[in-house]
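Topology and contacts: notes
Single-letter residue listing:
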Amino acid sequence: MFTVEQIKTAHSKVKSGADFPAYIQDLKKLGVIYYETFVADGHTNYYGANNYKTTSPAKYPDLAIAETSNEEQFKSDLKAHQEGKTNYPTFCSDSAKSGIEKWTVSMDEMTCTYFDKSGTKILVENISQ
């Protein structure tokens, strides 16, 4: 099974949101079938076959997640990030301000889903292959 170290190596190639599809392909090759990233501190739970799970440590000090989501602001910030206009720390900070608690990525469905604190789906995106 895959390790956090292997995932870090794949992630080191990501410079902006524009690099995300290639990163997802790298994770699929490692055997990751699903993951969830928590905006508050940046830790991620990665899941593989046979109930395999590994967790990356927190990446930054805790961010306060807004109680109320702002879907339009989030979509604007996400678009800027995907166009390479913001780095990952800025995107995470922007997401927290817009009330995004976490995002999940399904390798089977090739989707990235963003959730607010109540567990409501704010946005489901298809990942280009």
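Residues numbered from 1 in each chain as written. Predicted model: local features only at pLDDT ≥ 70, side-chain atom pairs only at ≥ 80, totals over all residues. Heavy atoms only, no water.

Some thoughts on the pattern of salt bridges
Note that side chains of opposite charge can pair when their charged atoms are close. Rules: A pair is scored as a salt bridge if a Lys or Arg side-chain nitrogen falls within 4 Å of a carboxyl oxygen belonging to Asp or Glu. The helix count covers DSSP runs of H or I at least four residues long, the strand count covers runs of E at least two residues long, and both are numbered beginning at the N terminus. Working definition: with a 1.4 Å probe on protein chains only, accessible area under 20% of the residue-type maximum means buried, over 50% means exposed, and in between means partly exposed.
Summed over all chains, the structure comprises six salt bridges. Ionic pairing is found between Lys102 and Glu36, a salt bridge with its closest N-O pair at 3.0 Å. Pair noted here: Lys102 is in strand 4 (residues 100-106) and Glu36 is in strand 1 (residues 34-38), with a separation of 66 residues, a long-range link. Both residues of the pair, Lys102 and Glu36, belong to the buried class. Across the salt bridge formed by Lys75 and Glu71, the nearest N and O atoms sit 3.0 Å from each other. With Lys75 and Glu71 both in helix 3 (residues 71-82), this residue pair falls four residues apart, about one helical turn.

What about the environment of Gln82?
Threshold: Whenever two N or O atoms come within 3.5 Å, that pair is a polar contact, provided that in protein one can donate a hydrogen and the other can accept it, and provided that, for residues adjacent in sequence, both atoms are side-chain atoms.
Mapped onto the elements, Gln82 comes out in helix 3. Residue Gln82 is classed as partly exposed on the basis of its relative accessible area of 32%. Distance from Gln82 to Asn126, taken between C-alpha atoms, is 13 Å for residues 44 residues apart in sequence. Within the structure, the side chain of Gln82 is placed 2.9 Å from the side chain of Glu125, a separation counted as a polar contact.

Re unusual backbone geometry
Even without being glycine, Asn50 reaches a positive phi, approximately 55 degrees. You can see Asn50 is positioned in the loop between strand 2 (44-47) and strand 3 (53-55). Classification of Asn50 by relative accessible area gives exposed; the value is 77%. The backbone of Asn51 shows a phi angle near 60 degrees, a positive value even though the residue is not glycine. Following the sequence through the fold, Asn51 ends up in the loop between strand 2 and strand 3.

Points about the packing of helix 3 against helix 4 (residues 88-97)
Quick note on the threshold: The axes are straight lines fitted to the C-alpha atoms, using for helices just the contacting stretch, and the angles between their N-to-C directions are given from 0 to 180°. Roughly parallel refers to an angle under 35 degrees, roughly antiparallel to one over 145, roughly perpendicular to one between 65 and 115, and oblique to any angle outside these ranges. Throughout, a residue-residue contact means that at least one pair of heavy atoms, one from each residue, lies within 4.5 Å. Side-chain classes follow a simple rule in which Ala, Val, Leu, Ile, Met, Phe, Trp, Tyr, Cys and Pro form the nonpolar group, Asp, Glu, Lys and Arg form the charged group, and the remainder, Gly included, forms the polar group.
Between helix 3 and helix 4, the shortest axis-to-axis distance is 10 Å and the interhelical angle comes to 175 degrees. With respect to helix 4, the axis of helix 3 lies roughly antiparallel. In this structure, helix 3 uses Phe74, Asp77, Leu78 and His81 to contact helix 4, whose residues at the interface are Tyr88, Phe91, Asp94 and Ser95. Partitioned by chemical class, the residues of the contact of helix 3 with helix 4 number four nonpolar, two polar and two charged.

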